[in-house]
Amino acid sequence: MSEQEILDLSEEFARYRRTALAEVEAPGPAAVRRTVRGRGRRRLAASATTALALVGGSAVGYAAMSGPDHRPGPVEPTPSVSASPTPMPTSPTPSPTGTSASPTTPVPDGRFSRAQLLGVPVALPAWRAGPGCPTSQTRLTADAREGANWLLALDHGDIDGDGAVETVALVQCVLGTRGPMQVVAFDRDKEGKATTVGRVVATTIDKPEWLFALDVVGDGTVRVQVGDIAPGGGWNARWSQRQWRSYRWEGDAFSQVSGPTSFGPNPNLADVAVTTGDLVLRTADDGSRTGTATVRIRNRGTGPVTHVVLRLGVPAAVRADVDGWDPCVGVHDTVEPITCRLGRLAAGAEMRLDLDFRVLEGITLSTDKADVDVQPMDSERDVLPDVNRANNLVQMTITYG
């Protein structure tokens, strides 16, 4: 290439830079967006242009540089910044459709253990009229302290049908040995405090006088074992008649739904009476003195008496003779008083004993009176209470004929 051609080519390049750079604009955000949107459309064109450049690039470039009539046209500027494609908005994930009903409030659990019930203040229904124990915000006790509310037993069950468990307790107001008793149902409020549902049953003056046990069955029925007579004061608990009575919560109070509603006469409440005639002693052929006393024992009670014991407080010199003692067992000849253990005596029945006595020759009696006492006993030979103790003891007069 001649020197002149080299100069002409340099001039062409200089003119190209002046013309192209003057027309270039810095791309702004709008240009970037247009570039991104058009990128897809230009992808095919760019491929075609590249192929054309590979085929004829040398010839085109050479023609542009070798003749004055072929000047380069404007060049589309290349952006100086790159832009990432705008991400497509994503659809929000739908949340699960909620129900229109509000969640059910759980029912508080009214189960109290023995230790828990002893550790919280409770309110008790009023005790019957007369001396009583505290009822307002009182604490139950684990032992029989005088004037306190003694927790005797408890059980649990859904007594009101709300799906939660309640606590049923047997409580006694300790006043001596025969204080009043009641069965009370407790629940728990939302704050966890003990609340009183109501009284199931209580002892009364008329009967029942005692409550022995309780049991809550599966359907919420409260079963209570009641007794007709309270133990104490000489009355053994096993002598009381016992009944299971069932109670249900009726929405505002408990009512009895099954079991007996009254007691019959208690067979262990005895009523025996004794009568006797005088003992008249007459002198026998051997010089001793003998006589016969008639003793009658009657069961005036409504039930049989398992054992009847007769005691004869005659002086030691007056001893049992041969006749009349066959019904007796355990007659002691040398120990005062003479004790005669009789058998069973049915209700309304009477037993007559014609008892022979002897006093040896030369003996002078220290007294002319003798106590005759009868006692009713149970199967374990414990003395039963008698409704009329006054007719259990009479005096026999000893005379000489």
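Residues numbered from 1 in each chain as written. Predicted model: local features only at pLDDT ≥ 70, side-chain atom pairs only at ≥ 80, totals over all residues. Heavy atoms only, no water.

> Sorry if this is basic, but what is going on with the pairing of strand E15 (residues 350–359) here?
Side chains on a regular strand alternate between the two faces of the sheet. Sheet topology places strand E11 (residues 289–299) next to E15; 10 bridges connect them, and they run antiparallel. Residue pairing for E15: Arg 289 is matched across the bridge by Val 359. (Pairing = 2+ DSSP bridges. Helix = DSSP H or I, 4+ residues; strand = E, 2+ residues; numbered from the N terminus.)

> Just checking my understanding: could you explain the packing of aromatic side chains for this structure?
For any pair of aromatic rings, geometry is given as the distance between the ring centres together with the angle between the planes. Evaluated as defined, the whole model comprises three aromatic pairs. Between Trp 325 and Phe 357, the ring centres sit 5.4 Å apart and the planes meet at 85°, which makes this aromatic pair edge-to-face. In this pair, Trp 325 sits in the loop between strand E13 (319–320) and strand E14 (338–342) while Phe 357 sits in strand E15, placing the two residues 32 residues apart along the sequence. In terms of burial, Trp 325 and Phe 357 fall into one category: buried. In this structure, Arg 188 is placed above the aromatic ring of Phe 112, and the distance from its NZ or CZ to the ring centre is 4.1 Å. Over the aromatic face of Trp 244 sits the side chain of Arg 223, whose NZ or CZ is 4.3 Å from the ring centroid. (Phe/Tyr/Trp six-rings, centres within 6.5 Å; stacked < 30°, edge-to-face > 60°. Buried < 20%, exposed > 50% of the residue type's maximum accessible area, 1.4 Å probe, protein only. Lys NZ or Arg CZ within 6 Å of the ring centre and 35° of its normal.)

> I keep staring at the sheet that holds strand E3 (residues 181–188) and nothing clicks. Help me out?
Hydrogen bonding along the main chain pairs the strands of a sheet, whether they run parallel or antiparallel. Strand order in this open sheet of four strands is E1-E2-E3-E4, and the pairing throughout is antiparallel. Strands with a single pairing partner mark the edges of an open sheet, and in this sheet they are strand E1 (149–157) and strand E4 (194–202). Taking the axes of each pair of neighbouring strands and ignoring which way they run, one obtains an average angle of 25° across the sheet. As paired strands, strand E2 (residues 166–173) and E3 are joined by six bridges and run antiparallel to one another. Bridge pairing links Gln 172 to Met 181 in E3. (Axes fitted to C-alpha atoms, helices over the stretch in contact; angles between N-to-C directions.)

> I'm lost on the sheet that holds strand E6 (residues 222–227) in this one. Help?
A sheet is described by the order of its strands in space; here four strands give the open sequence E5-E6-E7-E8, paired in antiparallel fashion. Only two strands of the sheet have a single neighbouring strand rather than two, namely strand E5 (210–216) and strand E8 (254–258). Averaged over all pairs of adjacent strands, the angle between strand axes in this sheet comes to 35°, irrespective of strand direction. As defined by bridge partners, strand E7 (residues 242–249) adjoins E8 across four bridges and the pair is classed as antiparallel. By the bridge assignment for E8, Arg 248 is matched with Ser 255.

On their own, these measurements won't tell you what the molecule is for.
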